[in-house]
Every structure is written in structure tokens, then in C-alpha cells.
Amino acid sequence: MLCCWIACMMSMNCLINCQFKCTKASLLGDSGCTKMWFKCWDKISTYGFKLHHHYYQFIGSMRVSKSWWRKLLLSWLIGWTVVSIWIFCYMSSQATEKRKETLASMCDERAQMLQDQFNVSMNHIQAMSILISTFHHGKNPSAIDQTTFARYTERTAFERPLTSGVAYAARVLHSEREQFEKHQGWTIKRMDTLEQNPVHKDDYNPGLLEPSPIREEYAPVIFAQDIISHVISIDLLSGKEDRENVLRARKSGKGVLTAPFRLLKTNRLGVILTFAVYKRDLPSNATPNERIQATDGYLGGVFDVESLVDKLLQQLASKQTILVNVLDTTNQSHPISMYGSNASDDRLELVSHLSFGDPFRKHEMRCRFKQKPPWPWSAITTSIGILVIALLVGHIFHATVNRIAKVEDDCHKMMELKKQAEAADVAKSQFLATVSHEIRTPMNGVLGMLHMLMDTDLDVTQLDYVRTAQASGKALVALINEVLDQAKIDSGKLELEEVQFDLRAVLDDVLSLFSGKSQDKGVELAVYISDRVPEMLIGDPGRFRQIITNLMGNSIKFTEKGHIHVTVHLVEEVIDSIEVETESWPKNTLSGFPVADRRESWKGFRSFCEEGSIHPFSDSIHLIVSVEDTGEGIPIEAQSRVFTPFMQVGPSISRTHGGTGIGLSISKFLVNIMKGEIGFVSIPKIGSTFTFTVVFASCSSSSKEYKSQHINNQTNSVSSEFRGMRALVVDPRPVRAKVSRYHIQRLGIHVEVVSNWKQGLSIISRGSNAIHMVLIEQEVWDRDQNSWAHFISNLENTPPKVFLLSNSISSSRANPTTSGVCNLTVIPKPLRASMLAASLQRAIGDGIKGNPRNGELPSLSLRNLLHGKKILIVDDNNVNLKVATGALKKYGADVVSASRGMEAIQLLTPPHQFDACFMDIQMPEMDGFEATRRIRDSEKNINNCIHFGELSVETCKHVPILAMTADVIQATQEECLRRGMDGYVSKPFEAEQLYREVSRFFH
């Protein structure tokens, strides 16, 4: 019960937090309230699920009386009513604080503006005091009179925005009074009479004022701005406020303010700012007495406070929203109001202090809102809303109690369905594994027997039948592999390996796979890999080979003329270089046929759009691979569904070329899990270009230990024979010549390229560097055979061997001697390092012995590796035993066969004479994994006995065990290695596949 109650409280707490945040957002002008409510609703749904769960655990099996539920609901309602009242009080106080902050901000703004403008006026008045000291008292005769002063102050009034007028009073001693009055033409008047008996501005007449009484000194006004010219001749020392102001000003040397008083004539409240005017030779550190003795006069600025504050407030758009009072608080017990009224309905008042430069006088500004505070509608709606929500939650809780039984039943049904779905998924995987094994096992026998049949004496017709049957079987195996791959993708069981491999050797293998079809069609097939791509990479070579095979297979299928060109570069190389992009132009292609611009195929790639997507110091190798063809192209209406599984371009395509339509969808998935992207561009009747990116790890920078996939490195052993040689390639097409140069240079040969026989002859005749071989493109040879015959005849006294690079089978099988040329060897395309090395070895090393057939090199290498080796084959299927035994015996191996796992254990119990073992995984009684485990345990036990001296024989050798199975779902290479095996060969296997695995152990 406690858990259920806590879930309800957490739901309500979520609602309250959302309401507070939404209210705060509305006060701050934020528009994210809707998103906040959606998040809160998700949390409530989560808590609701917990509510159901906890109720089922703690309450669902108990009978609770209705009275107890009533008490619980009543407590719920009372509790949330109290919470709603508290929320109302809290939010009301928050609104009041917000209003108070707003008023304080507005009041401080007005106070700061008034203070700043007052300081500006004060500084200007102080500057005028210096001006009078210089041009009135410092000049004889004076350079200033009333007219000049009035005109100057009127023109500079804009610099004193808060002053109503400026006047200057001279210091006159009693001994100088008579002469002063005679000079001025008027008598010095007294001010205190006006202070005691104020007059209206219309009745004011300066001539009726009484003369100032006799004093030690006087301060009559001699200059005044026109607006206050009525104060001329009035003695400032005769007024109480002015006298105190003048005496403080000359003693302190600073500006001083009077208390607020009624101004003459206007009868409005104002203040006077007074500065003393000193003699020019007064030092800056003078004493008060020295300042009094050096005083020449007093400059005062009159401030009409009421009108000035009104002008200031007129500048603010929100002046009507608050009331402003300005007070002189020098006497705290009796402050003097300088501006404003008390007519306001709001009791909230804020005070801002003012500083006008006189530390003796204290001023402050008091602000209030004109209107009463509004009703706290936000607090009211929030508190009522929370109370309503609390009622709804109570209702929901009550309804949940009644419906919990149904939820329990639904939950049980869902768990049962989940178990059934998981069982179905397991059954599906098991079915796929079984189907894979059961289909591939007989296919292994069929293809193996056909391969063995091809090695017998057959006539042309029989050989054609066998080849047709073998091609159909391979097509069926490829179809099975594609379907199984799609099944693994759907079940999420497709994983990548991380092995060290040679990218160039992988592409050579793919070229070998398609070389026969390309030669039959007369389509030129070529691969070019940039020199900046590392030799060795870490990744999954099998899946990379599958992508390339799918793309090249489609190109071969739909291309009847022209070429298929595969290029591999670093992504950063393509981004930074224009050279790669310009190869797509029609005049600079492999075969001369126009192609689709490959730049359009990677137009939307993130690697090309996002700056800094490739880190310059990253250990990752980002490759971009393009497969370009001059085939039929893809219709515009079908391009959107190219990567859709089981979708063909059209029914006619399916009937004409066959296929399942899942190769491209599998390729896209593989590219995605290899952290890359894939795209294409296709123009009907012109061709298509597919481009994809993949990410591999660098071997040199990786600190991990990776298993290495052995690659056919025949070229490494052969390249030492050609290193230092020089070759001349004659080809007018730059792209094709670039491909030829790439493959020849892989053998360590220095290559020079020329476009015609004349340039070639010129280079050879120079003799600066000996040319060891000349490779002529078939197209150039066919264009002018007579000229080439002349070219070859001129080489009779020179050593170069001449080779013809031919693209079609008919050309490669033609006898060059029919043209009268004897020293000519045909090298069939597509070029790859192993075939090129074999051709050059035969021609240069052993003389011309004919051209090597496809597949001859791996066969010869296998024969060298397996000759005399004793190998055990374990398989429960007699057909598979015959196929594997016949394949290995063909290469000179001594083969022993076994049909059970126990029999294999007995044969491989040390000591034994076997060099390797091929073991099937799925066998009755004991599978290959268990048999391998027992064999490894036996080897380990014997080695331990030898180590501790219990046996005197030599160390028990580790026999290589290679998995041999048709199950491509479960028998992955990772699983085989984990179980103690050394490699993996899928059935049916061929010479190249055997060579890759066997060459890892036999040298």
C-alpha cells in the first residue's frame, strides 16, 4: 500500500513541478510550456505503470473494506486542499516580489537619470565659475558684462538641462559698497523681506525692494541669465538660505545646495547650487581661511525642481505607471517634499537615494504604482488546477483498483506472446542454419564432382555442359548466400570481423572472379587503388569483398560494351583533389565511352558536407570506393527503389538477367554497419556509378592484437625478381594508362607512359635508361599493325620484351605470328598482380611458353604447398569426403578420411604424423567443436607432462584444424577460433579459398 501511495504522490509532485515551471516560463515570456507538459505526461504515464505494478503486488490479492477506502480518499482530498492553499500563498508572494522588483528597477532608472543630468549641469556651472574668474576678475577692464553673460548663458542653456537660470554675485566689502553702487548705477537690495512676505510674480518689482542693511560684506548679483534677471542687485548674504549656502561654498571650495525654498517671482519650489569664484593664484591645498580671503564672488545655478522632474519623466514611456516623489531628507524627522503627490491606491513604496554632489544635503526618490495590484490569477488558477488534478488522480486511483484484475490478465497474455515470439525467433534461426547446411552440403558434392569431372578428358560439348552445370550451381549458392544474409540482417545477427588484410589482394580476387565474364563480353574491367591507401588494413575483408562483388556483379550483368572501372581513394584525398573528379569526363574515361558524373553519387554524403568530420589525427582510414560502368543505366522512375529488398527495376529485367533483388539492399546494410554511406548516379543508356565509403582501422597505429588473414602474397616473392626493371606502356588514354602503371608498379617496376609508338621508340633509342619491357594496349596495336611491326623490327638489337595488353578472349588467343611478329606475348585483362607477375616470369625468365590460364597460379601454388603433406579430413557425409579428398589429392596431398568425431580424436592423439585437419562442424554423436576441444585438451596434457619431465619425448606439435562446414549462420570464423580451431572454410570450397587458408600454415 505504501508503494502505491508513493507512486501517486510522485505523479502529483511531477504535476506541481510542471505547473511551477510553466508559470515561471509565462512570467519570463518563455514559450516552452507545451513541451514541459508533454514531458510531465510521460512521467505520469510511467508512474501510472508503477502504480498498477505495485498495486498488483501489495493490494491486488487483499480485500479492503469500503470504509477504509473512504478514509484514504478523504485524507487525500484534505491533504491536497492544504497543499493548494499553500501554493496559492506562495505564488502570491512570488508575484508580489516580482512587482516589487519591477518597481525598484523603474525607480532606480529615474533616480539615475535625474542624478546624471544634475551632475552634467553642475559640471557646466563649475566650468562657468572658472570662466568668470579668468575673463571678469583676471581682466582689467572686465571682458564680461550683463549683456555678454546673458547671451552666453542663453546659448549654452542646452548644456544645463536641469537649470532654470544662472547668476553671478560679486563679493563686496562694506568699504567698497559706495563705489560699487556708483559704478553699477543701483543700490544693493535685501532679500529677507521677500522671504518673510512672498509676493505674486505679477506684483514683483525690484525697484520697490529695501536697500541691504550695513554689513561687513555683501554678495549682490551683478550678472544673471535673462530668465532670472529680476535677481540683479539683490544681496545673497541678506537671505537666510542663500547666506548659509554662500558661506559653505567659499569655505569648502565645492558646490553646495540650499534647502528647497520658494523661488522669487515664480513662487515654485527650487534649490540653488552655488560655487565660489576664487582668485587665480589660489593653491589647490588652501586652508578654509585662505579660501575665504581669496574669494572674488559666487556663481549660482537655480533649479526649478518641479518643472525639471516633469521634463525628465516626459522622456520615459512608462511614466504614467508609477508616481514619483523627490524629497530633501537632510532633516530625517521633517523631510521636505520637492516634487510629487501622495495620490496613490498602492501601499507598496520603494526608495532610491540621490546624490547631487553636496554631502551635507540628503535627497531621495520615493516611487509607488498608481493602480492597485491586480488579482493573482496565476496563483488562483494554479492552486485550483492542482486541486482539480488531485481529484482526478483520486478518481483514477479508484478506477485503477477496479480494473487491476483485467490488467493482470492482459499482462499474463503479453508475457506468453513474448515467449512465443522469442521461441519463434530461435526456431527461425535454427531453421535457417539447418536449411543452410542441408542445401549447401549436397551442393558441395555437386560442385566438387563437377570440378573433378572437368579435370578428366572431355570433348568440347561435354566440357561446355559441365561448365554450364557448374555455373548454375554457383549461381544457386550465391542465391542461397544472399537470402541467408538478408535473414541474418532481419534477425540482427550479422556481425563484422576485425582482421588484418591486404585491400589490393582482395580486389585482385574479385577481379579474378569476374575476369571470364568480362572477357566473354569484351567489356574492359579495371581496378585502381590510390598510392595513399595503406597496404594493410584492419576490418572485415569478407564483407567488403561482398559489397564489391555485388556492385561489380550488377555492372557485369547490365554492361554489354565499354568498361567497368573500380577506384579506391581516401575520402580526404577526394575532398582535397580535383584530379579524381575530372576523370568522369567522357574524353578521359577508361574506354572512351561517356559515363555518369561520379561526383553526383556522393553529393549527399555527410563526409563531404560536414566540416571537420574526418579528424586529421584519427587512427581510422576513411575509404571511398566507386564502381563505374557504361551499361544500360537505371530508369528514372526505378531509382528510388534501388536499395529496397526483393525489388527489381522491372519484370523484364528479372526475366532477362535474373537475380533476387536483394544484393544492393545487403550492400547498403553492410556499408552502414561499416560506418559508411552509399549512393549512386545513373543515366539511362549512358551508365551508372555507385559510390560508397567505409571506415577501417590502420594497422600501424593500432595497439590491439588482431588476427591476420593470410593473403596471396605471391607478388611479394616475385616482385624482387622485377625490382629495378623499367617498363614502357604505350596507351593514348590517360585513365587506362594510369591503371596499367598502377598494376605494373606493384611489382617494383619503374613505368614510363607514352601515347604512340614514335614516342616509345624515341625513349628506347635514347638509351639513357635501359627499357626491359614494352606493354602495348590492344586498341593501339589494332589501329596500325604495320607501324608496330616496324617498331618491333627496330628492337632487334635491343633487349626489351614486347607484351600486348588484350581485353577480349579472341584477341588473347590469337597467334601474333600471323602478323609477322614473333617476339610478342599477350597479357589478358583485367590486370592483377599475380597474373601479371606470372606472365612476365614466363616471358622474361623462361621464354615464351604460352599464356597462363585463369586459375593456374593458385593451382600451382597449392601444389607446391600441399605436396607430400599428410592431411586428415573428417566429415559424416560420404560425398563431401570424396570431394574434399579428391581436391586435396589433386594438389599432391596424402589424405586420410574419417567419418566420426571419435575417430578423429583417435587419429590425432599424439604422437601422430598429420600436418593439418579439415573437420566438419555438424556431425552426429560428437560435433566438430567438441572433437576439437578434446584434441586441444590432449595436446595440452601431453605438453604439461613433457614440461614436468614425466615424458621424455619432444614437444607435442599444434596441429592446424580448419572448420569445414556448410552452415554460414552459426559457424562464423570468430566462433571457430573461440572453440580452438585455426580457420574456417565454407562448403563448397575452391582452389583460391583453400590456398588462403592452407598457406597460413604451410610455407
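Reading the values: rules and limits
- Residues numbered from 1 in each chain as written.
- Predicted model: local features only at pLDDT ≥ 70, side-chain atom pairs only at ≥ 80, totals over all residues.
- Heavy atoms only, no water.
- 1 Å grid on protein atoms, 1.4 Å probe; cavity = no way out; pocket = protein on both sides within 12 Å on 5 of 7 lines; lining within 4 Å.
- Points joined across faces, edges and corners; volume = space filled by probe spheres on them.
- Helix = DSSP H or I, 4+ residues; strand = E, 2+ residues; numbered from the N terminus.
- Nonpolar A, V, L, I, M, F, W, Y, C, P; charged D, E, K, R; others polar.
- Core = buried A, V, L, I, M, F, W, Y, C linked by side-chain atoms within 4.5 Å.
- Buried < 20%, exposed > 50% of the residue type's maximum accessible area, 1.4 Å probe, protein only.
- Contact = heavy atoms within 4.5 Å.
- Salt bridge = Lys/Arg side-chain N within 4 Å of Asp/Glu carboxyl O.
- Patch = residues over 30% accessible without salt bridge, like charges linked within 9 Å, V, L, I, M, F, W, Y side chains within 5 Å.
- Areas by Shrake-Rupley, 256 points an atom, 1.4 Å probe, with all protein chains shown as cover.
- Disulfide = S-S within 2.5 Å.
- Phe/Tyr/Trp six-rings, centres within 6.5 Å; stacked < 30°, edge-to-face > 60°.
- Axes fitted to C-alpha atoms, helices over the stretch in contact; angles between N-to-C directions.
- Left-handed = near helix turned anticlockwise from the far one by under 90°.

Colleague: What exactly am I supposed to notice about empty space enclosed by the protein here?
Modeller: Gaps left between atoms show up when a probe the size of a water molecule is rolled over them. Per the stated rule, a full pass over the model turns up 6 cavities of 30 Å³ or more. For the largest cavity, the calculated volume is near 100 Å³. Taken together, Leu 114, Phe 118, Leu 162, Val 271, Phe 303, Val 305, Leu 308, Val 309, Val 326, Met 338 and Phe 356 form the lining of the largest cavity. It is helix 9 (residues 305-314) that contributes the most residues to the lining of the largest cavity, 3 residues altogether. For the lining of the largest cavity, the class distribution of residues is 11 nonpolar, no polar and no charged.

Colleague: Honestly, the nonpolar core in this entry has me stumped. Any pointers?
Modeller: What tends to happen in soluble globular proteins is that the nonpolar side chains get buried as a cluster. The biggest cluster of nonpolar side chains holds 69 residues, and the ones touching the most others in it are Leu 114, Leu 299, Val 326 and Met 365. When residues in this core are grouped by element, the largest group, 10 residues, is from helix 3 (residues 66-135). When neighbours within four sequence positions are excluded, Val 326 is seen to be in contact with Leu 114, Val 309, Ile 336, Ser 337, Met 338, Tyr 339, Leu 354, Glu 364 and Met 365. Residues Phe 501, Ile 564, Val 566 and Met 674 belong to the second largest nonpolar core, which totals 51 residues.

Colleague: Would you explain the pattern of salt bridges in this entry?
Modeller: Pairing of side chains with opposite charge becomes possible as their charged atoms draw close. What the rule picks out here adds up to 31 salt bridges. For Arg 250, the salt bridge is made with Glu 217, and the minimal N-O distance between the two is 2.9 Å. In this pair, Arg 250 sits in helix 7 (residues 240-252) while Glu 217 sits in strand 3 (residues 217-218), placing the two residues 33 residues apart along the sequence. For the pair shown, Arg 250 and Glu 217 are each scored as buried. Residue Lys 406 pairs with Asp 410 through a salt bridge whose shortest N-O separation is 3.2 Å. Highlighted residues: Lys 406 and Asp 410, both in helix 10 (residues 377-454), separated by 4 residues, approximately one helical turn. The partly exposed category is assigned to Lys 406, whose relative accessible area is 47%. Several salt bridges converge on common partners, so that one network encompasses Glu 524, Asp 731, Arg 733, Arg 736, Glu 777, Glu 779 and Lys 829.

Colleague: Would you explain a nonpolar patch on the surface in this entry?
Modeller: A contiguous nonpolar patch, built from Ile 384, Val 388, Leu 392 and Ile 396 and spanning about 360 Å² of accessible area, is present on the exposed surface. Here Ile 396 is to be found in helix 10. For Ile 396, a relative accessible area of 48% puts it in the partly exposed group.

Colleague: Would you mind showing me how to read the state of the cysteines here?
Modeller: What we call a disulfide is simply a covalent bond connecting the sulfur atoms of a pair of cysteines. Counted by the stated rule, this structure contains 1 disulfide. At a sulfur-sulfur separation of 2.2 Å, the disulfide partner of Cys 107 is Cys 367. Handedness of the Cys 107-Cys 367 disulfide follows from its S-S torsion of about 75 degrees: it is right-handed. You can see Cys 107 sitting in helix 3 and its partner Cys 367 sitting in strand 12 (residues 363-369), a full 260 residues away along the chain. Residue class for Cys 367 comes out buried when judged on its relative accessible area of 0%.

Colleague: Please explain the packing of aromatic side chains as it appears in this structure.
Modeller: Centre distance and the angle of the planes are the two values used to describe a pair of aromatic rings. Overall, the coordinates contain 14 aromatic pairs when judged by the stated rule. Note on Phe 680 and Phe 690: the rings are 5.2 Å apart at their centroids and 20 degrees apart in plane angle, and the pair reads as stacked. Pair noted here: Phe 680 is in strand 18 (residues 678-683) and Phe 690 is in strand 19 (residues 687-698), with a separation of 10 residues, a long-range link. Residue Phe 690 is classed as buried on the basis of its relative accessible area, which comes to 8%. Taken together through their ring pairs, the aromatic side chains of Phe 501, Phe 544, Phe 692 and Phe 696 make up a single cluster.

Colleague: When you look at the side chain of Glu 939 in this model, what are you seeing that I'm missing?
Modeller: For Glu 939, the location among the structural elements is in helix 29 (residues 928-947). A residue is classified by how much of its surface remains accessible, and Glu 939, at 5% relative accessible area, is buried. Beyond its immediate sequence surroundings of up to four residues, Glu 939 is in contact with Pro 910, Cys 956, Lys 957, His 958 and Val 959.

Colleague: Sorry, what's going on with the packing of helix 13 (residues 541-558) against helix 18 (residues 663-673) here?
Modeller: The packing of two helices is summarised by the inter-axis angle and the distance between the axes. In the contact formed by helix 13 and helix 18, the axes pass within 9 Å of each other and the chain directions differ by 145 degrees. In the crossing of helix 13 with helix 18, the sense of the turn from one axis to the other is left-handed. Contact residues: Arg 543, Gln 546, Ile 547, Asn 550, Leu 551 and Asn 554 in helix 13; Gly 663, Leu 664, Ile 666, Ser 667, Leu 670 and Val 671 in helix 18.

Colleague: I would appreciate a short explanation of the environment of Arg 347 in the present structure.
Modeller: Mapped onto the secondary structure, Arg 347 falls in the loop between strand 10 (336-339) and strand 11 (349-354). Residue Arg 347 is classed as exposed on the basis of its relative accessible area of 83%. Put simply, Arg 347 and Gln 371 are 24 residues apart on the chain and 10.0 Å apart in space, counted from C-alpha to C-alpha.

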